[in-house]
Amino acid sequence: MKLAELKRGLSLPVIGAPMFLASGVDLVVAQCTHGVIGSFPALNARPAEELDRWLTEITERLRRFEAQTGRLAAPFAVNLIVHGSNARLDEDLATIVRHKVPLVITSLAAPDKVVEAVHGYGGMVFHDVIALRHAQKAAASGVDGLILVCAGAGGHGGRLSPFALTAEVRAFFDGAIVIGGAIADGRAVLATQALGADFAYIGTAFLATEESIAAPGHKQMVAESSAAEILYTPMFSGTHGNYLVPSMVAAGVDPQEAALAQPRKMDFGDGKPRPKVWKDIWGAGQGVGQIPAVVPTAQLIERLTREYDAARQALVPEMVL
Ligand SMILES: Cc1cc2nc3c(=O)[nH]c(=O)nc-3n(C[C@H](O)[C@H](O)[C@H](O)COP(=O)(O)O)c2cc1C
């Protein structure tokens, strides 16, 4: 598959980012039928046999949409965590190959065996990175795209500015570039294109939709919070991530202590008596202030499109002059 094919059926240059315990079948179908690439982490489909069922349902619903409307649905993606702690990796990869998933998003380790398997059926692989060194390694494994998870991103986001990282990556990589981190309005989507990216990567804004499977309290907290209530801390998984301060307070964690925590080996439950990351401590990016309410996915994409078009029209005359 070529990049142009991946962009077929899109009404906005956006990939809905995969979110643990938040992205599921309904969100992906809503994203793809409204012109945005939808995605989910394979680990959200539990147990492993569920992944097969999810992929069958998504494919059938998208086919039905195309038959009924005569319009193309956007492609979808599955996220694979390439890490020793992921005992399901081989089984999930085999399921993905069987279903010929158009786009696979890999996280953590360099994805050599995933690239080989996915290219084998004509799919594409995008790898997410927070630093130049990871980008170089992933590029060497032959990925088709790099997702630059920059400062302010929900979950395990990085700390680099997209202005810095995008320029450094573009200097050596000519595949697709995706920028993520605190993108929650159409103007910011347009800004990623100004930086030379092919897609904007949006997580948190899609978390606060009716179709997301996140806990209702998590969605509501996203809608009620602003950027100052996001804390970047390694306290909960060992590695730095952005989380909602009010969820820490509700779980009895002192945010001051979280702010001073030191990174350790990545773990998602090392037996220590601390609140569970994702389940009790809720992840979100700094874009929360642009998300005023929990809405249907269609309504969020309409808003992003309206803002994107308005920003483009406002900029173009100035650019011509
Ligand atoms: C609650 C939550 C869970 C996430 N889980 C995952 C995950 O399982 N795999 C992954 O690659 N990224 C995960 N992310 C990161 C997103 O894929 C993406 O990088 C990020 O949401 C983009 O920034 P934004 O939230 O500011 O839009 C998660 C983000 C959030 C907010």
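What counts, and where the lines are drawn
- Residues numbered from 1 in each chain as written.
- Predicted model: local features only at pLDDT ≥ 70, side-chain atom pairs only at ≥ 80, totals over all residues.
- Heavy atoms only, no water.
- Helix = DSSP H or I, 4+ residues; strand = E, 2+ residues; numbered from the N terminus.
- Rg over C-alpha atoms; globule rule 2.2 N^0.38 Å.
- Buried < 20%, exposed > 50% of the residue type's maximum accessible area, 1.4 Å probe, protein only.
- Contact = heavy atoms within 4.5 Å.
- 1 Å grid on protein atoms, 1.4 Å probe; cavity = no way out; pocket = protein on both sides within 12 Å on 5 of 7 lines; lining within 4 Å.
- Points joined across faces, edges and corners; volume = space filled by probe spheres on them.
- Nonpolar A, V, L, I, M, F, W, Y, C, P; charged D, E, K, R; others polar.
- Pairing = 2+ DSSP bridges.
- Axes fitted to C-alpha atoms, helices over the stretch in contact; angles between N-to-C directions.
- Core = buried A, V, L, I, M, F, W, Y, C linked by side-chain atoms within 4.5 Å.
- Domains from an automatic or database assignment.
- Salt bridge = Lys/Arg side-chain N within 4 Å of Asp/Glu carboxyl O.
- Polar contact = N/O pair within 3.5 Å; in protein donor to acceptor, adjacent residues only side chain to side chain.
- Near = heavy atom within 4 Å.
- Areas by Shrake-Rupley, 256 points an atom, 1.4 Å probe, with all protein chains shown as cover.
- Right-handed = clockwise from strand over helix to strand, strands pointing away.
- Parallel < 35°, antiparallel > 145°, perpendicular 65-115°, else oblique.
- Left-handed = near helix turned anticlockwise from the far one by under 90°.

Engineer: Account for the overall build of the chain, naming residues and giving values.
Structural biologist: In terms of regular secondary structure, the chain is built from 13 helices and 10 strands. Scaling as 2.2 N^0.38, a compact globule of 321 residues should have a C-alpha radius of gyration of about 20 Å, and the chain matches this with 19 Å. Its C-alpha atoms give the chain principal-axis dimensions of about 50 × 50 × 40 Å. Counting only residues that meet the buried cut, the chain has 52% of its 321 residues in that class. Looking at the chain alone, contacts between residues at least 24 apart form 65% of all its contacts between residues at least 6 apart.

Engineer: An account of the layout of surface pockets is needed here, citing residue identities and associated values.
Structural biologist: Space left empty within the atom packing is revealed by a probe, the size of a water molecule, rolled over the atoms. Of the voids in this model, the second largest pocket is the one considered here, and its volume is about 500 Å³. Surrounding the second largest pocket, 19 residues form its lining, Met-1, Pro-75, Phe-76, Lys-100 and Pro-102 being those nearest its centre. Among the elements that take part in the lining of the second largest pocket, helix α3 (residues 49–69) stands out by supplying 4 residues, more than any other. Along the lines of polarity and charge, the residues of the lining of the second largest pocket split into 10 nonpolar, 4 polar and 5 charged.

Engineer: Kindly report on the pairing of strand β5 (residues 124–129), identifying the contributing residues and their values.
Structural biologist: Extensive coverage of β5 is indicated by the burial of 6 of its 6 residues. Neither face of β5 is exposed, since Met-124, Phe-126 and Asp-128 on one face and Val-125, His-127 and Val-129 on the opposite face are all buried. The pairing of strand β4 (residues 103–108) with β5 spans 4 bridges and is classified as parallel. Each residue of the ladder has a partner; that of Val-104, found in β5, is Val-125.

Engineer: I'd like a rundown of the sheet that holds strand β1 (residues 14–16), residues and numbers included.
Structural biologist: What the 8 strands build is an open sheet, ordered β1-β8-β7-β6-β5-β4-β3-β2; its pairing is parallel. The two strands at the open ends of the sheet, each matched to only one other strand, are β1 and β2 (38–41). Taken over all neighbouring pairs, the strand axes of this sheet differ in orientation by 25 degrees on average, direction set aside. Where helix α2 (residues 25–33) meets the sheet, its contacts fall on β1, β2 and β3 (76–82), and the angle it forms with β2 comes to roughly 160 degrees.

Engineer: Please set out the nonpolar core residue by residue, giving values where relevant.
Structural biologist: Side chains that are nonpolar tend, in soluble globular proteins, to be buried together. Core analysis: the largest hydrophobic core is formed by 42 residues, its most contacted members being Phe-76 and Leu-146. Per-element tally for this core: the top contributor is α3, with 6 residues. The contacts of Leu-146, once residues within four sequence positions are left out, are His-127, Val-129, Ala-135, Ala-138, Val-169, Phe-173, Ala-176, Ile-177 and Val-178. Core analysis: the next-biggest nonpolar cluster, separate from the first, contains 31 residues, Met-19, Val-222, Trp-282 and Ile-301 among them.

Engineer: Explain the domain arrangement of the chain residue by residue, including any values.
Structural biologist: With domains assigned, the chain is organised as domain 1 (3–212 + 292–312) and domain 2 (226–283). Look at where the C-alpha atoms of domain 1 and domain 2 centre, and you get two points 24 Å apart. On the side of domain 2, 12 residues touch domain 1, which itself brings 12 residues to the contact. Counting across the interface, domain 1 meets domain 2 through 0 salt bridges. Joining domain 1 to domain 2, the criterion identifies 6 residue pairs in polar contact (both at pLDDT 80 or more). Of the residues in the side of domain 1 that touches domain 2, the class split is 5 nonpolar, 6 polar and 1 charged.

Engineer: Can you lay out the site of the ligand for me, pointing to particular residues and giving the numbers?
Structural biologist: Around the ligand, the surrounding shell holds 24 residues, and the nearest of these are Pro-18, Asn-79, Ala-182, Gly-203 and Thr-204. A distance of 3.4 Å separates an oxygen atom of the ligand from a polar atom in the side chain of Asp-128. A distance of 2.5 Å separates an oxygen atom of the ligand from a polar atom in the side chain of Thr-204. Its free accessible area being 600 Å², the ligand has 93% of it covered by the protein chains. Mapped onto the shell around the ligand, the elements with two or more residues apiece are β8 (199–202) and α9 (204–207). Across the shell around the ligand, the residue classes break down as 12 nonpolar, 11 polar and 1 charged.

Engineer: Account for the pairing of β3, naming residues and giving values.
Structural biologist: Most of β3 sits inside the fold, with 6 of its 7 residues counted as buried. Here β2 pairs with β3 via 4 bridges, running parallel. Paired with Pro-41 across the strands is Asn-79, a residue of β3. For the handedness criterion, the β-α-β arrangement of β2, α3 and β3 is classed as right-handed. After leaving β3, the chain enters helix α4 (residues 89–99) and then returns to the sheet as β4, a path that is right-handed.

Engineer: I'd love a proper account of the packing of α4 against helix α5 (residues 112–120), names of residues and values included.
Structural biologist: Where α4 contacts α5, the axes come no closer than 10 Å and their chain directions differ by 20 degrees. Comparing the axis directions of α4 and α5 gives the class roughly parallel. The chirality of how α4 crosses α5 is right-handed. Facing Leu-89, Asp-90, Leu-93 and Val-97 of α4, the residues of α5 in contact are Lys-113, Val-114, Ala-117 and Val-118. Looking at the contact of α4 with α5, its residues break down into 6 nonpolar, no polar and 2 charged.

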